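Tertiary structure, described
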Amino acid sequence: MTDRELFRAAMEMTRRSYAPFSKFRVGAALLAKDGTVYTGCNVENSSFGGTICAERTAFVKAVSEGCREFEKIAITACPVPEEGAEEAFVEAWPCGICRQFMKEFCDDDFVIITGTGEETMRYMTMNEILPEGFRL
Ligand code: THU
């Protein structure tokens, strides 16, 4: 699984997003150490606090299937375009809650990828996006 393939899997998931309130669609593709890819999208709710981000959807799917060891995650976002406008992907670094959630299962060298397209992928590590993170 190349980074480009992982990124494309995230892009595909962005289109499955349920985001009628924010119109901000996010997709994620999480690569486990055993090579399995777990995908996710954001799923919003009328009771806004019930919303779950794309990253956490992917992690919850993986962990609930018995997988707890991860290598990298690709995250993509594409706001619902205005009438007649083109679709345009934007960078989407994980929110604070997702950073903490990921920290629970990921080593410092776990890689986070986002970008506006396959040609413009950017990389950060777990330690870079959440230095001195909390763990019991
Ligand atoms: N969202 C994600 O899916 N991941 C993030 O890291 C940031 C935010 C979603 C939640 C909500 O559905 C929408 O983006 C706007 O905040």
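In this report, we go over the structure that sits alongside the text. (Residues numbered from 1 in each chain as written. Predicted model: local features only at pLDDT ≥ 70, side-chain atom pairs only at ≥ 80, totals over all residues. Heavy atoms only, no water.)

Before going further, it helps to spend a moment on the packing of aromatic side chains. Evaluation of the coordinates by the stated rule reveals five aromatic pairs. Geometrically, the ring pair formed by Phe-21 and Phe-48 is tilted, given 5.5 Å between the ring centres and 50° between the ring planes. With Phe-21 in the loop between α1 (3–14) and β1 (24–32) and Phe-48 in the loop between β2 (37–41) and α2 (54–64), this pair connects stretches of sequence that are 27 residues apart. When its relative accessible area of 40% is taken as the criterion, Phe-21 is described as partly exposed. Among the aromatic side chains, those forming a connected cluster through ring pairs are Phe-59, Phe-70, Phe-101, Phe-105 and Phe-110. (Phe/Tyr/Trp six-rings, centres within 6.5 Å; stacked < 30°, edge-to-face > 60°. Helix = DSSP H or I, 4+ residues; strand = E, 2+ residues; numbered from the N terminus. Buried < 20%, exposed > 50% of the residue type's maximum accessible area, 1.4 Å probe, protein only.)

Moving on: the environment of Cys-53. Examined against the element boundaries, Cys-53 turns out to sit in the loop between β2 and α2. The sequence separation of Cys-53 and Val-43 amounts to 10 residues, and the corresponding C-alpha distance is 6.6 Å. Once residues within four sequence positions are removed from consideration, Cys-53 is found in contact with Cys-41, Asn-42, Cys-95 and Cys-98. (Contact = heavy atoms within 4.5 Å.)

We now examine the pattern of salt bridges. Here the idea is simple: oppositely charged side chains can pair when their charged atoms come close. Across all of its chains, the model carries nine salt bridges by this definition. For the salt bridge of Glu-87 with Arg-15, the shortest nitrogen-to-oxygen distance reads 2.8 Å. In this pair, Glu-87 is assigned in the loop between β3 (70–79) and α3 (96–103) and Arg-15 in the loop between α1 and β1, connecting sequence segments 72 residues apart. On the basis of relative accessibility, which here comes to 36%, the residue Glu-87 falls in the partly exposed class. On the basis of relative accessibility, which here comes to 47%, the residue Arg-15 falls in the partly exposed class. Salt-bridge contacts for Lys-33 lead to Asp-107; the nearest nitrogen and oxygen are separated by 3.3 Å. Remark: Asp-107 occurs in the loop between α3 and β4 (111–114) and Lys-33 occurs in the loop between β1 and β2; sequence separation between them is 74 residues. Via salt bridges that share partners, Arg-4, Arg-8, Glu-118 and Glu-119 belong to a single interconnected network. (Salt bridge = Lys/Arg side-chain N within 4 Å of Asp/Glu carboxyl O.)

Packing of α2 against α3 leaves a shortest axis separation of 9 Å and a crossing angle of 25°. As judged from the angle between their axes, α2 and α3 are roughly parallel. Handedness of the α2/α3 crossing: left-handed. Residues Glu-55, Arg-56, Phe-59 and Val-60 of α2 form the contact with α3, whose participating residues are Ile-97, Cys-98, Phe-101 and Met-102. (Axes fitted to C-alpha atoms, helices over the stretch in contact; angles between N-to-C directions. Parallel < 35°, antiparallel > 145°, perpendicular 65-115°, else oblique. Left-handed = near helix turned anticlockwise from the far one by under 90°.)

What follows is about the nonpolar core. With 22 residues, the main nonpolar core has Leu-30, Phe-59, Phe-70, Ile-73, Met-102 and Phe-110 as its most contacted residues. Mapped by element, the contributors of at least two residues to this core are β1, α2, β3 and α4 (126–129). Among residues more than four places away in sequence, those in contact with Phe-70 are Leu-30, Leu-31, Ala-32, Lys-33, Phe-59, Ala-62, Val-63, Phe-105, Cys-106 and Phe-110. Grouped together as the second largest cluster of nonpolar side chains are 12 residues, Ala-10, Met-11, Ala-29 and Cys-78 included. (Core = buried A, V, L, I, M, F, W, Y, C linked by side-chain atoms within 4.5 Å.)

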